[in-house]
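# Remarks on the overall topology
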Amino acid sequence: MIILRTNQLNIQFNDRDFSQACNNYKLLIKKYGKTQAKKIRTRLDDITAAETLEDLGKIYPRCHELKGNRLGQISLDLGGQWRLIFIPFDDPPANKPDGGIDWKRVKTIKIIGIEDTHE
């Protein structure tokens, strides 16, 4: 498991290859194309600049919790049908009393990948 430590929101990657691509712009372009690579890099930079997940939700209105069998996952819009998918990864979990995610307390996320959540 690869961890990118920041002074603010911490990022972990579920997949080593995806982590390497995200941290090497040439690989990111090769894998996703120039336009999508730029959006991915911008989102990652914004994540590392945020203090909490709540800050990220203020920047991107299309950053939201998923439902159904994806409960607990968060989707961040990358344009078109593509989304950056991640989960809060704090220990202990940053949950509200009702079981929902407490966006103000989330300090660590684990990126699952990029996918079309509408399939």
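Residues numbered from 1 in each chain as written. Predicted model: local features only at pLDDT ≥ 70, side-chain atom pairs only at ≥ 80, totals over all residues. Heavy atoms only, no water.

### Remarks on the packing of helix α2 (residues 25–32) against helix α3 (residues 34–49)
At a minimum axis distance of 7 Å, the contact between α2 and α3 shows a crossing angle of 130 degrees. Between α2 and α3, the angle is such that the two are oblique. Classified by chirality, the crossing of α3 by α2 is right-handed. Facing α2, whose interface residues are Tyr25, Leu28, Ile29 and Tyr32, α3 presents Lys34, Gln36, Ala37, Lys38, Ile40 and Arg41. When grouped by side-chain class, the residues that make up the contact of α2 with α3 number six nonpolar, one polar and three charged. (Axes fitted to C-alpha atoms, helices over the stretch in contact; angles between N-to-C directions. Helix = DSSP H or I, 4+ residues; strand = E, 2+ residues; numbered from the N terminus. Parallel < 35°, antiparallel > 145°, perpendicular 65-115°, else oblique. Left-handed = near helix turned anticlockwise from the far one by under 90°. Contact = heavy atoms within 4.5 Å. Nonpolar A, V, L, I, M, F, W, Y, C, P; charged D, E, K, R; others polar.)

### Looking at the nonpolar core
In this structure, Ile47, Leu84, Phe86 and Ile111 are the most contacted members of the largest nonpolar core, which totals 28 residues. At the level of secondary structure, the elements contributing two or more residues to this core comprise β2 (10–13), α1 (16–22), α3, α4 (53–59), β4 (74–77), β5 (82–88) and β6 (108–116). When residues no more than four places from it in sequence are discounted, the contact partners of Phe86 are Leu53, Leu56, Cys63, Gly72, Gln73, Ile74, Leu76, Ile109, Lys110, Ile111 and Ile112. (Core = buried A, V, L, I, M, F, W, Y, C linked by side-chain atoms within 4.5 Å. Buried < 20%, exposed > 50% of the residue type's maximum accessible area, 1.4 Å probe, protein only.)

### Looking at unusual backbone geometry
Here the bond from Asp91 into Pro92 is cis, since omega is 5 degrees, no more than 30 degrees from zero. Along the polypeptide, Pro92 turns up in the loop between β5 and β6.

### Some thoughts on α2
The opening residue of α2, the one whose side-chain oxygen lies 3.1 Å from the backbone nitrogen of Lys26, is Asn24. Note on α2: the residue one or two positions beyond its end, Gly33, has a positive phi of about 90 degrees. (Polar contact = N/O pair within 3.5 Å; in protein donor to acceptor, adjacent residues only side chain to side chain.)

### Examining the pairing of β5
Pairing between β4 and β5: four bridges, direction antiparallel. Note on β5: the bridge partner recorded for Leu76 is Leu84. For β5 and β6, the ladder comprises seven bridges, and the chain directions are antiparallel. Bridge pairing in β6 places Pro88 opposite Ile109. (Pairing = 2+ DSSP bridges.)

### Thoughts on the side chain of Gln36
With respect to the helices, strands and loops of the structure, Gln36 is situated in helix α3. Since its relative accessible area comes to 14%, Gln36 is described here as buried. Setting aside residues no more than four positions away along its own chain, Gln36 makes contact with Leu78 and Trp82.

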